[in-house]
Amino acid sequence: MSQESPVSIDPAEVAAFREAVLSKLTYSVGKDPEHAFDHDWFEAIALAARDRIVDPWMDHTRRIYRGNQKRVYYLSLEFLIGRLLFDSLSNLGLLDVARQALADLDVDLDRIRQLEPDAALGNGGLGRLAACFMESMATLGVAAHGYGIRYEHGLFRQAIVDGWQHEQTETWLDFGNPWEFERAEVTYKIGFGGGVTNLPDDPKGERQHWEPADVVRSIAYDTPVVGWRGRAVNTLRLWRARAESDLHLERFNAGDHVGAVLDEARAESISRVLYPADSTEAGQQLRLRQEYFFVSSSLQDLIRRFMKQNGDLRELPQYVSIQLNDTHPAIAVAELMRLMVDVHGLTWDEAWTATVGTLSYTNHTLLPEALETWSVGLMEHLLPRHMQIIYLINAYHIDALRAKDLHDFELLRAVSLIQEDNGRRVRMGNLAFIGSHSINGVSGLHTDLMRVTVFKHLHQLYPDRINNKTNGITFRRWLYQSNPRLTRMLVDAIGPEVLDEPETRLLQLESFADKPSFRKQFVEQRREAKVHLANLVRERIGVVLDPDALFDVQVKRIHEYKRQLLNLLHTVALYQAMRAEPHIDWVPRVKIFAGKAAASYHSAKLIIKLANDIARTVNNDPTLRGMLKVAFLPNYNVSLAEAIIPAADLSEQISTAGYEASGTSNMKFALNGALTIGTLDGANVEMSEQIGEEHMFIFGMSARQVEARKAAGEFNAQPWLDASPRLNEVLQAIHRGAFSPDDPNRYKGLIDGLIAHDTFFVCADFDDYWDAQRKVAAYWRSPKLWWRSAVLNTARAGWFSSDRTIREYARDIWKALD
Ligand SMILES: *Cc1c(COP(=O)(O)O)cnc(C)c1O
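Since we're looking at a predicted model, the values are computed, not measured. (Residues numbered from 1 in each chain as written. Predicted model: local features only at pLDDT ≥ 70, side-chain atom pairs only at ≥ 80, totals over all residues. Heavy atoms only, no water.)

Engineer: Explain the site of the ligand here, please?
Structural biologist: Near the ligand lie 15 residues; those nearest to it are Lys556, Lys562, Thr664, Ser665 and Lys668. In this structure, an oxygen atom belonging to the ligand sits 2.5 Å away from a side-chain N or O atom of Ser665. Contacts to the ligand include Lys668, whose side-chain N or O atom sits 2.6 Å from an oxygen atom. The protein chains hide 96% of the 390 Å² of surface that the ligand would expose on its own. (Near = heavy atom within 4 Å. Polar contact = N/O pair within 3.5 Å; in protein donor to acceptor, adjacent residues only side chain to side chain. Areas by Shrake-Rupley, 256 points an atom, 1.4 Å probe, with all protein chains shown as cover.)

As structure tokens, then:
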């Protein structure tokens with residue numbers, strides 16, 4: 001993907017960068033250019049780029065310190081970063097310089113780029129949001145630190161063998177990580193277990209002494225995060241766990257060799273792997289250890305920084321905001337209280353005011369099974385002092401309600417931090433809510449639903465706390481880096497200012513939607529991206545795609561609520577219709593799927609197998625004459641997303657209404673000019689407002705209708721089958737094994753289950769989806785209309801920039817930008 005530069009490059013800059021790379025190759029990598037492998041070049045380029053980041057990084061850090069600027073700490077168990085080479089070069093304005101410098105050395109930067117492993121320290125949307133936010137905060141000059149875990153193994157690598165998902169260990173650190181700085185001197189002790197004793201001089205018993213049984217060490221690794229045009233550089237600080245070496249050496253010397261090593265392994269297991277769950281899985285002890293480990297390290301670190309500069313923790317909310325990305329860091333409420341009361345000697349009330357004033361919490365899901373709870377027994381065992389603090393917070397909270405004459409038993413039960421039915425458990429969502437001054441949802445609909453579902457009662461008690469911050473995406477990655485062709489067109493059409501102010505400037509593109517010459521160019525850039533993707537698909541899975549077909553794309557985690565199954569049913573229906581009526585002039589279509597299923601999520605894994613079974617059948621059916629192709633691309637990750645999204649004509653955002661908190665791939669696709677087929681769910685609602693419903697294909701039940709059906713217990717799909725011969729035929733074919741002749745029973749359970757209890761209303765929405773897809777095909781037949789809408793999607797996607805989202809967080813929650 002070579003790129004001509006729109007501006008002339010300074011030869012002196014090129015020479016300087018070339019020398020810098022050669023010097024890194026020689027003195028840091030230790031290789032002679034004559035004998036360097038591609039990977040050596042990657043390392044040398046990354047190190048040369050990193051050098052350019054260090055000065056602005058230190059400048060920025062000094063500026064924040066001197067100005068005593070409010071700091072924002074973003075705590076997230078996940079950062080789905082992807083590759084950083086183009087991110088850094090592009091934000092530093094060095095991309096063309098580097099490309100030229102490398103070309104002078106006969107090295108192709110665009111090939112070397114592919115060697116960087118994705119930093120996949122996250123499962124999906126939630127982790128990617130954290131990565132987009134880090135970039136936007138640096139771009140806007142928010143003095144932000146990201147805090148998370150430096151997992152040795154990120155999200156598993158997905159291999160597809162015989163159509164089934166296999167999980168393989170991910171090894172992104174095998175060749176080292178040129179972006180990070182190890183900070184061996186930044187280290188904290190993290191305790192687990194043990195007991196708590198009263199302090200004799202504290203009659204109220206607020207302060208306690210915790211003597212942990214085990215201590216683990218955390219060590220910081222810093223990655224600089226460069227904002228657009230290098231304006232500001234923030235820090236992503238990730239923690240690695242190590243055994244407390246003194247302890248372990250003593251045991252070793254005492255002869256307990258195996259025990260000492262086991263301790264080490266146990267300690268280090270905390271930062272070994274990203275928890276391989278996506279929203280539906282139950283937790284386990286290691287996960288709670290991970291959560292506490294990174295929260296405690298981060299809070300100790302930020303308090304140390306604060307004490308050095310300010311010294312009075314009661315003033316913490318004036319200088320510090322801590323954003324909790326979902327409930328994973330919710331133990332921060334109890335840990336901050338512990339540090340303030342037990343360690344720094346604040347009174348309970350002072351500490352509570354400072355805690356609530358500092359913390360804010362982002363909710364990401366309404367799915368009851370995904371709301372974190374921990375058994376009281378485990379909590380008492382692992383974090384005895386925190387369990388006490390949680391009981392005390394709960395008691396004061398309930399007391400305060402009673403004092404206000406609130407005695408409603410149902411209400412008190414609902415807002416309690418302890419869930420009493422089926423085993424006593426700590427509700428992390430309620431803990432995060434009560435301990436925060438702001439609780440936000442991630443799209444308008446999701447926030448509305450939060451107020452009437454999960455946090456209905458807490459919202460009644462604290463009506464000012466819940467607010468909405470609709471998610472966004474960083475355009476630097478999801479447009480400038482991933483789609484340089486479209487970016488260049490935009491610069492040519494509306495000027496280079498669009499790169500700095502896309503939120504307002506992109507709207508100028510609206511008038512270009514009516515210019516045939518511009519639409520033609522738009523089609524051409526899309527076609528190039530499709531050719532590029534077709535090549536990738538052929539290389540990876542051997543399926544040949546026609547770049548002139550309609551590319552219909554659904555890429556995201558595989559989850560029943562996201563309804564890949566609905567898309568597959570449509571694929572089968574289309575297949576059957578094409579075979580039954582070959583005389584019709586069908587729109588050639590390519591169905592592209594990608595996504596990982598959680599390792600223990602059996603129905604999701606079966607859906608992957610079904611996609612592959614359908615693909616094999618359809619792709620090998622000569623009667624179709626290539627009118628329909630199905631491709632399931634293995635190992636979906638950020639880099640694959642960057643290749644797929646610019647090539648999509650149609651974006652599938654078809655979740656059961658009320659289930660997708662926001663979605664962000666919907667925004668990435670629209671920005672790149674794909675049209676959306678989708679339900680009115682998550683941020684699709686805001687998209688329909690910004691872009692116009694007439695430039696999308698909206699279908700299906702509304703969240704309200706879904707809710708009514710759920711309340712009435714109407715899950716049986718038989719009525720829908722009776723009403724739809726098409727759906728009936730599709731389900732029968734899958735049921736009898738038409739796509740699984742090697743195992744005709746493979747999908748019987750899936751289909752029988754779907755009919756008996758259609759939890760996600762796949763059948764209920766099928767006919768409406770089919771009709772919407774017919775409208776898609778008809779629209780595609782009118783290129784003028786289609787491409788006009790495509791251009792308008794790009795023109796009107798500006799609001800979905802994560803810069804807009806971050807400005808709203810900074811203004812409403814953090815009070816961090818003037
Ligand atoms: C954007 C993104 C997601 C989120 O996709 P949704 O469709 O919004 O769930 C997940 N994974 C990757 C790699 C992404 O880039």
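Engineer: Help me understand the side chain of Asp342 in this model?
Structural biologist: By the secondary structure assignment, Asp342 is in helix α11 (residues 332-343). Of note is the side chain of Asp342, whose polar atom sits 3.2 Å from the backbone nitrogen of Gln208. If we ignore the near neighbours within four places in the chain, the residues touching Asp342 are Glu206, Arg207, Gln208, Met337 and Arg385. (Helix = DSSP H or I, 4+ residues; strand = E, 2+ residues; numbered from the N terminus. Contact = heavy atoms within 4.5 Å.)

Engineer: Teacher, can you tell me more about the packing of aromatic side chains here?
Structural biologist: We describe a pair of aromatic rings using the distance from one ring centre to the other and the angle between the two ring planes. In total, this model carries 29 aromatic pairs according to the counting rule given. Ring plane angle 75° and centroid distance 5.8 Å describe the contact between Tyr74 and Phe133, whose orientation is recorded as edge-to-face. Of this pair, Tyr74 sits in strand β1 (residues 71-75) while Phe133 sits in helix α6 (residues 125-140), and the two are 59 residues apart along the sequence. Taken together, a centroid distance of 6.0 Å and an interplanar angle of 55° make the contact between Tyr779 and Trp786 tilted. An aromatic cluster is built from Phe512, Phe518, Phe522, Phe697, Tyr779, Trp780, Trp786 and Trp787, whose rings are joined through pairwise contacts. A cation sits over an aromatic face here: Lys668 above Trp478, 4.2 Å from the ring centre. (Phe/Tyr/Trp six-rings, centres within 6.5 Å; stacked < 30°, edge-to-face > 60°. Lys NZ or Arg CZ within 6 Å of the ring centre and 35° of its normal.)

Engineer: How should I be thinking about the side chain of Asp803 in this particular structure?
Structural biologist: Mapped onto the secondary structure, Asp803 falls in helix α35 (residues 802-814). For Asp803, the side chain forms a polar contact with the side chain of Ser136, separated by 2.5 Å. In contact with Asp803, other than residues within four places in its own chain, are Ser136, Thr139, Leu140, Arg476 and Glu503.

Engineer: What's the story with the UniProt feature "modified residue: N6-(pyridoxal phosphate)lysine" (unreviewed entry) in the chain in this structure? I'm lost.
Structural biologist: Per the UniProt record, the feature "modified residue: N6-(pyridoxal phosphate)lysine" (unreviewed entry) sits at Lys668. Considering the arrangement of structural elements, one finds Lys668 in helix α27 (residues 665-671). When near neighbours in sequence (up to four residues on either side) are disregarded, Lys668 contacts Arg128, Ile473, Trp478 and Ile645. (UniProt positions renumbered as here; feature names shortened; annotations may be inferred.)

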